[in-house]
Amino acid sequence: MLEGPLSPMGCASITKYEPCQLEPSCQLKPLWSLVRDTIAYVLDQTTLEDLLENKLTLNKGDNFLAFKRTN
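Think of each chain on its own: its residues are numbered from 1, step by step along the sequence as written. Restriction of local features to residues with pLDDT of at least 70 applies here, the model being predicted, together with a cutoff of 80 or more for giving and counting side-chain atom pairs; totals for whole chains, interfaces and linings are based on all residues. Hydrogen atoms and water are omitted, and side-chain values are computed over all heavy atoms in the structure.

Novice: Mind showing me how you'd approach the confidence of the model for the protein here?
Specialist: Detailed reading of the predicted coordinates is not advisable wherever pLDDT is low. For every residue, the predictor states its confidence as a pLDDT score lying anywhere from 0 to 100. A residue-level look at the protein finds 77% of positions with pLDDT of 70 or above and a mean pLDDT of 82. Here a helix means four or more residues in a row that DSSP labels H or I, a strand means two or more in a row labelled E, and each is numbered from the N terminus. Of all secondary-structure elements in the protein, the lowest mean pLDDT belongs to strand 2 (residues 65–69), at 61, while helix 1 (residues 29–45) reaches the highest, 88.

As structure tokens, then:
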């Protein structure tokens, strides 16, 4: 189990939210929220077995990176 916030910025954190004076007009908060949600999804989908047996590979698409399990 990992500890601490997953968000790279306090304003997008669910567990350690930190308000920011720029937040009402911030154009970056949706990006930080997406990063936080993506990190959480990858961690939720990854098992210890996946790591121990090196079952994750990185797929590079045109506009994204994704991890997948190998068989």
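Next comes the rest of the account.
Novice: Can you walk me through the pattern of salt bridges in this structure?
Specialist: Side chains bearing opposite charge may pair, as long as their charged atoms lie close to each other. Salt bridges, as used here, are contacts in which a Lys or Arg side-chain nitrogen is within 4 Å of a carboxyl oxygen on Asp or Glu. With the rule as written, the count across this model stands at 2 salt bridges. Notably, a salt bridge pairs Lys29 with Glu23, separated by 2.5 Å at the nearest N-O pair.

Novice: Could you clarify how one ought to interpret the side chain of Arg36 in this entry?
Specialist: With respect to the helices and strands, the residue Arg36 is situated in helix 1. Per-residue accessibility, obtained with a 1.4 Å probe over protein chains only, is compared with the maximum for each type, and a residue is labelled buried under 20%, exposed over 50%, and partly exposed between these values. Taking relative accessible area as the criterion, Arg36 reaches 14% and is therefore assigned buried. Sequence-distant contacts of Arg36, defined by excluding residues within four places in its chain, comprise Leu6, Ser7, Ala12, Ser13 and Ile14. Contacts are residue-level and defined by heavy atoms, with any inter-residue pair within 4.5 Å sufficient.

Novice: Looking at this structure, how should I read the environment of Lys29?
Specialist: Summarising the element assignment, Lys29 is placed in helix 1. Judged by relative accessible area, Lys29 falls into the partly exposed class, the value being 23%. Sequence separation between Lys29 and Met9 is 20 residues, and the spatial gap between their C-alpha atoms is 8.4 Å. Those residues in contact with Lys29 that lie beyond four places of it in its chain are Cys11, Ala12, Tyr17 and Glu23. Counted as a polar contact is a pair of N or O atoms within 3.5 Å, where, for protein atoms, one must be capable of donating a hydrogen and the other of accepting one, and residues adjacent in sequence contribute only when both atoms are in side chains. Of the polar contacts made by the side chain of Lys29, one reaches the backbone oxygen of Cys11; its length is 3.2 Å.

Novice: For this particular structure, what's the right way to read the side chain of Ser7?
Specialist: Relative to the assigned elements, Ser7 resides in the segment before helix 1. Side-chain polar atoms of Ser7 contact the backbone oxygen of Met9, separated by 2.6 Å.

Novice: I would appreciate a short explanation of the environment of Glu23 in the present structure.
Specialist: Looking at where Glu23 falls in the secondary structure, it is placed in the segment before helix 1. Put simply, Glu23 and Cys11 are 12 residues apart on the chain and 7.3 Å apart in space, counted from C-alpha to C-alpha. Among residues more than four places away in sequence, those in contact with Glu23 are Cys11, Tyr17 and Lys29. There is a polar contact of 2.7 Å between the side chain of Glu23 and the side chain of Tyr17.

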